[in-house]
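So you can see what is in the structure, the chains are spelled out below.
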Amino acid sequence: FDMRERGFDTEANPSPIKKDGTVGGFDILHSFQKYYKTDRTLDYLISDPKDDRDALEKVSKELLRHGEGSRGILFGQYKPSLRPKGGGHCIAWKVMNGQLYFIESQNGTVYDDPYTYVFSRFRRDMINFARTDDLEINPEGMKNLVRNK
């Protein structure tokens, strides 16, 4: 999503396959600096949310504070009840016309109900996010995540 917002015609690379045959992922949580030229890391949801809706409210408040036109990524680890072997997903967020939108990074679909499709599936203690519109891309690192259409 971030690359398309910057004017590049790209799509996500397929997830890598691990040696045991399971689908791996891109470790954006621990290698954020590989994809962007920055010392910044993914921020953590600091205050302990009471429930999934509270997590959505707290994250939304924090992201909206970045202001109009800001955008970035949000990574969440799935609840063990959904993915017993672990795993997570990265989505995009953007502030437009004073509203916060959560967007599927792979195809650009806006989540009309971020609670149901995102926050009810993620562990509340493992939601990470970062602003990216103000960062310079690391082209070499990005080659691992996206490819030209």
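Residues numbered from 1 in each chain as written. Predicted model: local features only at pLDDT ≥ 70, side-chain atom pairs only at ≥ 80, totals over all residues. Heavy atoms only, no water.

Peer 1: Run through the overall build of the protein, naming residues and quoting values.
Peer 2: When helices and strands are tallied, the protein shows five helices and nine strands. Each helix (α) and strand (β) of the protein, taken in turn from the N terminus, gives the series α-β-α-β-β-α-β-β-β-α-β-β-α-β. The 149 residues of the protein split such that 41% are buried. Taking as baseline every contact in the protein between residues at least 6 positions apart, the subset at least 24 positions apart corresponds to 65%. Put simply, the protein shows about 8,700 Å² of open surface, and 48% of that area lies on carbon and sulfur atoms. (Helix = DSSP H or I, 4+ residues; strand = E, 2+ residues; numbered from the N terminus. Buried < 20%, exposed > 50% of the residue type's maximum accessible area, 1.4 Å probe, protein only. Contact = heavy atoms within 4.5 Å. Areas by Shrake-Rupley, 256 points an atom, 1.4 Å probe, with all protein chains shown as cover.)

Peer 1: Give me the nonpolar core: which residues, what numbers.
Peer 2: Among the nonpolar cores identified, the biggest contains 18 residues, and V59, L63, L74, W93, F102, F119 and I127 are the most heavily contacted of them. Among the secondary structure elements, those contributing two or more residues to this core are helix 3 (52–64), strand 4 (71–78), strand 5 (88–96), strand 6 (99–103), helix 4 (114–119) and strand 7 (122–131). Dropping the residues within four chain positions of it, L63 is found in contact with S70, L74, W93, V95, L100, F102 and F129. Y36, A130, L135 and L145 belong to the second largest nonpolar core, which has 12 residues in total. (Core = buried A, V, L, I, M, F, W, Y, C linked by side-chain atoms within 4.5 Å.)

Peer 1: Hey, could you go over the environment of V59 for me, with residue numbers and the actual values?
Peer 2: Along the chain, the position of V59 falls in helix 3. Residue class for V59 comes out buried when judged on its relative accessible area of 0%.

Peer 1: Mind laying out the confidence of the model for the protein, listing which residues take part and the relevant values?
Peer 2: Detailed reading of predicted coordinates is not advised where the pLDDT is low. With 84% of its residues at a pLDDT of 70 or more, the protein shows a mean pLDDT of 82. Highest mean pLDDT in the protein belongs to strand 6 (96); lowest belongs to strand 3 (residues 43–44) (65). (pLDDT = per-residue confidence, 0-100.)

Peer 1: A description of helix 3 should follow, citing residues and the corresponding values.
Peer 2: In a regular helix each residue adds 1.5 Å, so 13 residues correspond to 18 Å; helix 3 covers 18 Å between its end C-alpha atoms and thus fits that length. When helix 3 is considered as a whole, its buried residues turn out to be D52, D54, A55, L56, V59, S60 and L63. (Expected span 1.5 Å × (residues − 1).)

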